[in-house]
Amino acid sequence: MLNNILKVYDEDLVNGALNQASIAEGDAIAAGSTQGALCVNAFAVGDVSISNAVTITVKHGDSETGAFSNLLSMSIEASKSFADGELMATATLPADVKDFVTAAVASNAANTGKIRVTLGYLAR
C-alpha cells in the first residue's frame, strides 16, 4: 500500500478550473461515522501552475442540504507546478466529522490548469 492513493470514484467535492477567483462547492458527500478513515485529496487535472496561493476549505454538516460549517483548510503555495494526476494537497478528516462534507476553492486568474478535490481512503 505504500505510495498508493485509494480514490473514491466519481464523488468529487470540487472539480473546476483554477483560473477563477473561486470554485463553488460541489455536491455534499456522506463521510460521517468513518472513524478517521477518510482524507481529502486535491489532484491536478492536466498540467497545473500555481502563480498565486490556492486555499481549499472543507466544510461539514448534519444533512446533505443543511448548513455547513468550516472543518479544515488546506493551502497550496504560490510558485508551484504539478503534472496531470499529481497530488497537490491532502488532509485527514477528523474522527468526529459530521455526516456530510463539501468543499470550496479560492484561487486566482493567474493560476492555470484544473483541480479535483475528492475523498480518499486511508490504508489501515
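Just so you know, these numbers come straight off a predicted model, no measurement behind them.

*Asks:* I'd like a description of the confidence of the model for the protein chain, backed by residues and values.
*Replies:* On average, the protein chain scores 88 in pLDDT, and the residues at 70 or more come to 88%. Per-element confidence in the protein chain ranges from a low mean pLDDT of 79 for strand 1 (residues 6-17) to a high of 96 for strand 7 (residues 80-82).

*Asks:* How would you explain the nonpolar core if you had to name every residue and give the values?
*Replies:* Counting residues in each nonpolar core, the largest one holds 30 residues, and the members touching the most others are Ile 56, Ile 76, Leu 93, Ile 115, Val 117 and Leu 119. Elements with a minimum of two residues in this core: strand 1, strand 4 (38-50), strand 5 (54-61), strand 6 (69-76), strand 8 (87-92), strand 9 (100-106) and strand 10 (112-121). When residues in this core are grouped by element, the largest group, 6 residues, is from strand 4.

*Asks:* Outline unusual backbone geometry, listing residues and values.
*Replies:* Positive phi values are uncommon outside glycine, yet Ser 79 reaches one of about 65°. Judged by relative accessible area, which is 69%, Ser 79 ranks as exposed.

*Asks:* Can you lay out the side chain of Asn 111 for me, pointing to particular residues and giving the numbers?
*Replies:* Take Asn 111: it is sitting in the loop between strand 9 and strand 10. Of the polar contacts made by the side chain of Asn 111, one reaches the backbone nitrogen of Asn 52; its length is 2.9 Å. In this structure, Asn 111 is in contact with Leu 18, Asn 19, Ser 49, Ile 50, Ser 51, Asn 52, Ala 53 and Val 54, ignoring residues within four places of it in sequence.

*Asks:* So what's going on with the pattern of salt bridges? Residues and values would help.
*Replies:* Counted under the stated rule, the structure contains 1 salt bridge. The shortest N-O distance in the salt bridge between Arg 116 and Asp 12 comes to 2.7 Å. With Arg 116 in strand 10 and Asp 12 in strand 1, this residue pair connects regions lying 104 residues apart in the sequence. Asp 12 shares its class with Arg 116; the two are buried.

*Asks:* Break down the environment of Asn 15 for me, citing the residues and quoting the values.
*Replies:* Within the fold, Asn 15 resides in strand 1. If we ignore the near neighbours within four places in the chain, the residues touching Asn 15 are Ile 23, Ile 115 and Arg 116. Side-chain polar atoms of Asn 15 contact the side chain of Asp 12, separated by 2.9 Å.

About the criteria used
- Residues numbered from 1 in each chain as written.
- Predicted model: local features only at pLDDT ≥ 70, side-chain atom pairs only at ≥ 80, totals over all residues.
- Heavy atoms only, no water.
- pLDDT = per-residue confidence, 0-100.
- Helix = DSSP H or I, 4+ residues; strand = E, 2+ residues; numbered from the N terminus.
- Core = buried A, V, L, I, M, F, W, Y, C linked by side-chain atoms within 4.5 Å.
- Buried < 20%, exposed > 50% of the residue type's maximum accessible area, 1.4 Å probe, protein only.
- Polar contact = N/O pair within 3.5 Å; in protein donor to acceptor, adjacent residues only side chain to side chain.
- Contact = heavy atoms within 4.5 Å.
- Salt bridge = Lys/Arg side-chain N within 4 Å of Asp/Glu carboxyl O.

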